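So you can see what is in the structure, the chains are spelled out below.
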Amino acid sequence: MKWVECPRDSWQGYSRFIPTEEKVAYLRGLLEAGFRNLDLTSFVSPKWVPQHADAEAVLAALPPPEGREYLAVVGNLRGLERALQVPHLTSVGYPFSISETFQRRNLNMGLEDSWRTLREMVREARGKRFVVYLSMAFGNPYGDPWTPGLTAQFVGRMRELEGIAGLALADTYGVASAQIISETLEAVAGLNGNLQGLGLHLHSRPEDTLEKVRAALQAGVQWLEGALGGIGGCPFAGDERVGNLATERVLPYLEQQGHGVGVALEGLAELAGRAHLLRTKYA
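Just so it is clear, the model here is predicted, and its values are computed rather than measured.

Draft legend 1. Structural detail: the pattern of salt bridges. Under the definition given, this model contains 12 salt bridges. The salt bridge partner of Arg126 is Glu124, with a shortest N-O separation of 3.7 Å. For Glu124, a relative accessible area of 31% gives the class partly exposed. Where Glu207 meets Arg205, a salt bridge forms, and the shortest distance between an N and an O atom there is 2.7 Å. Classification of Glu207 as partly exposed rests on a relative accessible area of 45%.

Draft legend 2. Quick look at the side chain of Asp9. Tracing the backbone through its elements, the reader meets Asp9 in helix α1 (residues 7-11). No salt bridge is formed by the buried Asp9; its nearest oppositely charged neighbour, Arg8, is found at 4.6 Å. Among the polar contacts made by the side chain of Asp9, one reaches the side chain of Asn244 at a distance of 3.4 Å. Every residue in contact with Asp9, bar those within four places of it in the chain, is listed here: His201, His203, Gly232, Gly233 and Asn244.

Draft legend 3. Structural context of the environment of Arg214. Structurally, the position occupied by Arg214 is in helix α9 (residues 209-219). For the pair formed by Arg214 and Ala33, sequence separation is 181 residues and the distance between their alpha carbons is 25 Å.

Draft legend 4. Main features of α9. Restricting attention to buried positions, one finds in α9 the residues Thr209, Leu210, Lys212, Val213, Ala215, Ala216 and Leu217. Among the structural elements, α8 (178-192), β7 (198-201), β8 (203-204), β9 (223-226) and α10 (247-256) are those in contact with the buried residues of α9. Gly220 lies just past α9 and shows a positive phi near 100 degrees.

Draft legend 5. Molecular detail of the packing of helix α2 (residues 20-33) against helix α11 (residues 268-282). Taken N-terminus to C-terminus, the directions of α2 and α11 make an angle of 165 degrees; their axes are 11 Å apart at the nearest point. Relative to α11, the element α2 lies roughly antiparallel. As α2 runs across α11, the sense of the crossing is left-handed. Together, Glu22, Ala25, Tyr26, Gly29, Leu30 and Ala33 of α2 and Leu271, Arg274, Ala275, Leu278, Lys281 and Tyr282 of α11 make up the contact between the two elements. Its residues assigned to classes, the contact of α2 with α11 comprises eight nonpolar, one polar and three charged.

Rules behind the numbers
Residues numbered from 1 in each chain as written. Predicted model: local features only at pLDDT ≥ 70, side-chain atom pairs only at ≥ 80, totals over all residues. Heavy atoms only, no water. Salt bridge = Lys/Arg side-chain N within 4 Å of Asp/Glu carboxyl O. Buried < 20%, exposed > 50% of the residue type's maximum accessible area, 1.4 Å probe, protein only. Helix = DSSP H or I, 4+ residues; strand = E, 2+ residues; numbered from the N terminus. Lys, Arg positive; Asp, Glu negative; His and termini not counted. Polar contact = N/O pair within 3.5 Å; in protein donor to acceptor, adjacent residues only side chain to side chain. Contact = heavy atoms within 4.5 Å. Axes fitted to C-alpha atoms, helices over the stretch in contact; angles between N-to-C directions. Parallel < 35°, antiparallel > 145°, perpendicular 65-115°, else oblique. Left-handed = near helix turned anticlockwise from the far one by under 90°. Nonpolar A, V, L, I, M, F, W, Y, C, P; charged D, E, K, R; others polar.

Right under this line is the structure:
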């Protein structure tokens, strides 16, 4: 089982800038606890995401990955070029929405332009692991077309592009029920043959978290993402209780189900407390 811890997602909406040294200390704490896959920063315009203006400095201050994954999100070719210049980065992630409306709002381009940009970025990635986050994969609030079958079609088209190493379905809107998750994964597997290389980046109310994780495991998903404290996640859900899957709840459950990820469970409460402290200071 692969678990991706996502402090980038937790921090990006904070109103106050977290000093670089505090970011690095927190990330080092995650590494010491055994986290091996970190979504830790982004290379986008500081005008839009000022919290990650120090992406280069954060990565330079971390120890070499030595088999671990350090991922940063990029939104265009300029961001990719920045990412390719820094030490230690192993992976880049590109958000690609099924929703035309959200893709324009998020990256200021429509879907057809995004397909062209994606193909060029994959060619230019030069050895970095390239991950696509397929956002609005379980529906959208804009009235744009969506069905489980449409998500399956997007997955199929992504798999035709050579160079994409991983594809994660994102519940950007934060409202996918366990049933919708199951139906969507069934459609993806039915059209594409399997769920190989497919991850889930889900958002959830706390009381629904384990039900959604259970649906993912039953479908055969072996890659999940979340954040300590359940912090971050969906700004569109209209419900402040909707956030990332809470690491300190999910990892013990995965361990019980025989899906350990190598993280020291006894330290999760303290790490979640540190995550909440950062939110208190800077959100």
